[in-house]
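Report on the structure
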Amino acid sequence: MNNKKKYKKIIWLIALIAVSSVFVLPLLTTFLDALKTTSEYYLNPNPFILSGGAHWDNFIKIFSEMPFFRELGYSTLYASLSTIGVVLSSSLVAYGFSVMRWPGRDKLFFIFLAFSTMIPGITLTLPLYQIFKSFGWLNTYLPLIVPAYFGGGMFNIFIFRQFFRQIPISYVEAARLDGANEFYIFYRIMLPLARPALAVVSIFQFFGAWGDYMGPLIYITDNHLYPLSVGIQMFEAVPNTSGVTPWPYIMVASLYMAIGPIIVFALIQKQIIQGLNFQGSIT
Amino acid sequence: MRKKEFIYGLIFISPLLIGLVVFTAWPLIYGISLSFYESRGMLPPRFVGFQNYIELFQRGLTATIFYNGFYYAILAVPIGLALGLGLALLLNNNFKTSGLFRTMIYLPSVVPTVAMVMVFLLLFSPTGGIIDIITRALGLGSPGWLGDPNLAKLTYVIWAQWGVGGSTLIFLGGLQNIPRSYYEAAMIDGAGSIRRFFSITLPLLTPTIFLNFLFAVIGGLQLFTQAFIAPGPANSTTTPVVDIYQQAFSYFKFGFASAESIILFLLILGISIIIWITQKRWVIYEQ
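Below, the structure is looked at part by part. (Residues numbered from 1 in each chain as written. Chains lettered and ligands numbered in written order. Predicted model: local features only at pLDDT ≥ 70, side-chain atom pairs only at ≥ 80, totals over all residues. Heavy atoms only, no water.)

The next thing to look at is the nonpolar core. Core analysis: the biggest nonpolar cluster contains 139 residues, and Ile232(A), Phe265(A) and Trp159(B) have the highest contact counts within it. Ignoring any residue separated from it by four or fewer positions in sequence, one finds Ile232(A) in contact with Met66(A), Glu71(A), Ile250(A), Ala253(A), Ser254(A), Met257(A), Val114(B) and Met118(B). Grouped together as the second largest cluster of nonpolar side chains are 34 residues, Val93(A), Phe109(A), Leu113(A) and Ile185(A) included. (Core = buried A, V, L, I, M, F, W, Y, C linked by side-chain atoms within 4.5 Å. Buried < 20%, exposed > 50% of the residue type's maximum accessible area, 1.4 Å probe, protein only. Contact = heavy atoms within 4.5 Å.)

Below is the structure:
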């Protein structure tokens, strides 16, 4: 019996090592490609052959090779300002959909949730482009940030709502008896208790905006205002002065873009497993 | 108190109500009306009735574009769910190393799409990419991947599996919710591991599978970034959203693009409703 268990574990181990190396391989080759010079890359594109040694200075040179700092700044600005809006407004709305009791509440919530997931982004983006154009908001980040303050997305509201529902209503009732008003209860009692939901929603929103490609592509037309996502792609699409695409630098930029989410999500995996649990949630 | 709660409820959800009116309902109605107009550059748009829709359905390319969208969704979604579930089953144990493997499988799914596309463009490059080196070493020749109109869509399907760790994580959450006692009872009754999977695990995971499936289909039909940045030859990879974008922002045919976006909306709405109705036949909710 014990021997059989041992064999099982060894087979399991081999299977997982094989599978996870497939998942890690692209990151490894990206890293190796990032260490080459552009001419070395074109001489031998095999990532495992570093003919000229490792050019670690690529990770610094990128800042002068492409407008990296500026694009990083715009990505951070867009991600932070939209995250603040999403967290503030989705938690507020979720309170109205969970702690407050009113007729038709849950029905209305699911109608909104179902409807908002079924409308394709592009169907709203085309008319919104015209609307924001008439506001004079094109070529600014306003179209990408302002809507975040009005509802913050049904899915984020859903996550907060699930969390608020688990908090005993007696906390709220006790506070009411002490004369606290609803905003005080929301801000000082419920929100601090919903810290895991707060973390999950803000991290997802931050990195969602961080990686957003289509939004900035549509609303930002001046290339001096591009965030990193559009900037990297333009770097690839428009070859440099010598007429070639500087792949090693693009790999460096991609690594810089990916490292933030990789570190943060590695740290919060367990919370995601608990926080994003759909089982029996449609009730 | 009831009345007070109702008023407070309204106050709390008011940002959403304003948002839904200004950023959803108004654009949706405006978009529908745009689809009945012809954009004429500097001139004011002209009302053309159903002309844009007729043009859309008469255009030969339309079928190809929607076929491309469905091809991706129909292949990528089930493969992704099966892989995600398989990996979750492999990781669902108390071994110490599981955490490390879970991290390695999960992390690619958080890499921003643009960065992912850049990485895979090199990886799948027919001239010296690592995949090319591997296929040649295995005697499979040198597939053209994105350069081959027959393989280009399939290439996106393969790329998408790199991000399967997200659904693996959600399935792991679902698996951990199944009470251990169910398995113990089944084992006492002599059920083997395959029987336990089909009689306990799979039925109890159906709500998770259902929601994952629904979101993945809706998302899959809206594929944009890869098909826009790294297109295949001719129109072999043009998806509905890519075409809508190009009609609107490259050819400035806003009315036509709006009509196409309304058709995409109706399609997604219809498919979602079908998936929602059929769930009653296969999704099991624990009471």
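All buried positions along helix 2 (residues 51-58) of chain B are accounted for by Asn52(B), Tyr53(B) and Leu56(B). Buried residues of helix 2 of chain B, seen end-on, are gathered within an arc of 100 degrees and therefore sit on one face of the element. (Helix = DSSP H or I, 4+ residues; strand = E, 2+ residues; numbered from the N terminus. Arc of directions from axis to C-beta.)

Turning our eyes to something else, we now look at the interface of chain A and chain B. The partner chain B presents 91 residues to the 92 residues of chain A that form the contact. Between chain A and chain B, roughly 8,200 Å² of surface is buried when both sides are summed, and carbon and sulfur atoms account for 81% of that area. Taken together, chain A and chain B are joined by two salt bridges. The partner of Glu5(B) in a salt bridge is Arg101(A), and the shortest N-O contact between them spans 3.0 Å. (Buried area = accessible area lost by both parts, 1.4 Å probe. Salt bridge = Lys/Arg side-chain N within 4 Å of Asp/Glu carboxyl O.)

Okay, the pattern of salt bridges next. For the structure shown, the criterion picks out twelve salt bridges over all chains. Where Arg161(A) meets Asp106(A), a salt bridge forms, and the shortest distance between an N and an O atom there is 3.4 Å. With Arg161(A) in helix 8 (residues 154-166) and Asp106(A) in helix 5 (residues 105-118), this residue pair connects regions lying 55 residues apart in the sequence. The shortest N-O distance in the salt bridge between Glu38(B) and Arg46(B) comes to 2.6 Å.

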